Amino acid sequence: MPSEYRFAVADTPELRRMPWEKMDAEGVTRTVLWNCARPTLYDWLELVSPSHTLMGVAFDDDRCGDVAGALWVIPSGRCGTVHFVMFRDWREDSVRLGREAVRWIFRTWPLEALLAAFPARYRHLYPFMDALGFDLWPERLPLACPMPAKHNPARCADMALALLNRKDMR
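Rules behind the numbers
Residues numbered from 1 in each chain as written. Predicted model: local features only at pLDDT ≥ 70, side-chain atom pairs only at ≥ 80, totals over all residues. Heavy atoms only, no water. Helix = DSSP H or I, 4+ residues; strand = E, 2+ residues; numbered from the N terminus. Rg over C-alpha atoms; globule rule 2.2 N^0.38 Å. Buried < 20%, exposed > 50% of the residue type's maximum accessible area, 1.4 Å probe, protein only. Contact = heavy atoms within 4.5 Å. Expected span 1.5 Å × (residues − 1). Arc of directions from axis to C-beta. Salt bridge = Lys/Arg side-chain N within 4 Å of Asp/Glu carboxyl O. Pairing = 2+ DSSP bridges. Axes fitted to C-alpha atoms, helices over the stretch in contact; angles between N-to-C directions. Core = buried A, V, L, I, M, F, W, Y, C linked by side-chain atoms within 4.5 Å. Phe/Tyr/Trp six-rings, centres within 6.5 Å; stacked < 30°, edge-to-face > 60°. Lys NZ or Arg CZ within 6 Å of the ring centre and 35° of its normal.

Q: Even after reading the chapter, I still don't get the overall build of the protein chain, so can you show me in this structure?
A: Helices and strands together make up the secondary structure of the protein chain, namely 5 helices and 7 strands. Listed by position from the N terminus, the elements making up the protein chain come as β-α-α-α-β-β-β-α-β-α-β-β. By the compact-globule yardstick of 15 Å for 170 residues, the protein chain fits well, its C-alpha radius of gyration being 15 Å. Taken along the three principal axes of its C-alpha coordinates, the protein chain extends 45 × 35 × 30 Å. Out of the 170 residues in the protein chain, the part that is buried amounts to 47%. Excluding contacts between residues fewer than 6 apart, the proportion of contacts in the protein chain whose partners are at least 24 apart in sequence is 62%.

Below you can see the structure in the form of structure tokens.
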């Protein structure tokens, strides 16, 4: 793994498309875009549109500049809801990559806090969010995650929440 990841603001169409291509190749588009039954490139580009989303891409320069992951933040005032994707070859280093991503977010944008909102059934995210310093909320928002399926387009799941204030970063 690299000594440090390099992050870049996804300020071009090419940089915004790059994570989609890798998600598609790894077969994780449905997991990441859980609110779409059959996510498309159009869905992705709408989600990360610079008109309403801040986005960054993580590169591993020790591996020819490969894309290791991506993050996007949907701002709300001086806070934002954050989302991550870490690609297969970097999952074993996901905590370090995530910590570097959070530090980069707070250095790059004037945000005071990050909210993570995700399907409560994504149990693998609980230890990850905790390791990044997020406070996991015990409450769940019942059926707040639209997770349509081919044969059940109205399917929803409970939403879990976690919060990280800038001042509480470890």
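There's plenty left to go through after this.
Q: Quick question: what am I supposed to make of helix H1 (residues 13-26) here?
A: Every α-helix carries 3.6 residues per turn, so stepping three or four residues along brings you back to the same face. Taking 1.5 Å per residue as the helical rise, H1 with its 14 residues ought to reach 20 Å, and the 21 Å between its terminal C-alpha atoms agrees with that figure. Among the residues of H1, those classed as buried are Leu15, Arg16, Pro19, Trp20, Met23 and Glu26. The buried residues of H1 occupy one face: seen down the axis, they fall within an arc of 150°. For H1, the secondary structure elements touched by its buried residues are strand S1 (6-9), helix H2 (29-32), helix H3 (41-47), strand S2 (54-60), strand S3 (66-76) and strand S4 (79-86). The positive-phi residue at the C-terminal boundary of H1 is glycine 27, with phi of around 70°.

Q: How do you make sense of the pattern of salt bridges when you look at a structure like this?
A: Close approach of charged atoms allows side chains of opposite charge to pair. Within the structure shown, the criterion is met by 8 salt bridges. Arginine 78 is the partner of glutamate 112 in a salt bridge, and the nearest nitrogen-oxygen pair spans 2.9 Å. Taken together, the positions of glutamate 112 in the loop between helix H4 (94-108) and strand S5 (113-119) and arginine 78 in the loop between S3 and S4 put the pair 34 residues apart, joining distant regions of the chain. On the accessibility criterion, glutamate 112 (37% relative accessible area) is partly exposed. Arginine 78 gets classed as partly exposed once you look at its relative accessible area, which sits at 48%. Here lysine 167 makes a salt bridge to aspartate 168, at a shortest N to O gap of 3.4 Å. When salt bridges that share partners are traced, they join Asp93, Arg96 and Glu100 into one network.

Q: Is there a simple way to think about the sheet that holds S2 in this case?
A: Within the open sheet, the 7 strands sit side by side as S1-S2-S3-S4-S5-S7-S6. Their pairing is mixed. Pairing within the sheet leaves two strands with one partner each, and these edge strands are S1 and strand S6 (135-146). When strand polarity is set aside, the average angle formed by the axes of neighbouring strands in this sheet is 30°. For S3 and S4, the ladder comprises 8 bridges, and the chain directions are antiparallel. When the sheet's bridge partners are listed, proline 75 is paired in S4 with glycine 80. Across the sheet, H1 is in contact with S1, S2, S3 and S4; its angle to S2 comes to roughly 65°.

Q: Could you clarify how one ought to interpret the nonpolar core in this entry?
A: When a protein is soluble and globular, its nonpolar side chains tend to lie buried together. In this structure, Met23, Phe84, Ile105, Leu114 and Phe134 are the most contacted members of the largest nonpolar core, which totals 57 residues. Those residues in contact with methionine 23 that sit more than four places away from it in its chain are Val28, Thr29, Val32, Leu33, Trp44, Val85 and Phe87.

Q: I'm lost on the packing of aromatic side chains in this one. Help?
A: Taken as a whole and judged by the stated rule, the model has 5 aromatic pairs. Between phenylalanine 84 and phenylalanine 128, the ring centres sit 5.9 Å apart and the planes meet at 90°, which makes this aromatic pair edge-to-face. Of this pair, phenylalanine 84 sits in strand S4 while phenylalanine 128 sits in helix H5 (residues 125-131), placing them 44 residues apart in sequence. Each member of the pair, phenylalanine 84 as well as phenylalanine 128, carries the same accessibility label: buried. Grouping aromatic residues by their ring pairs yields a cluster made of Phe7, Trp104 and Trp109. The ring of tyrosine 126 is capped by arginine 123, whose NZ or CZ atom sits 4.4 Å from the centre of that ring.

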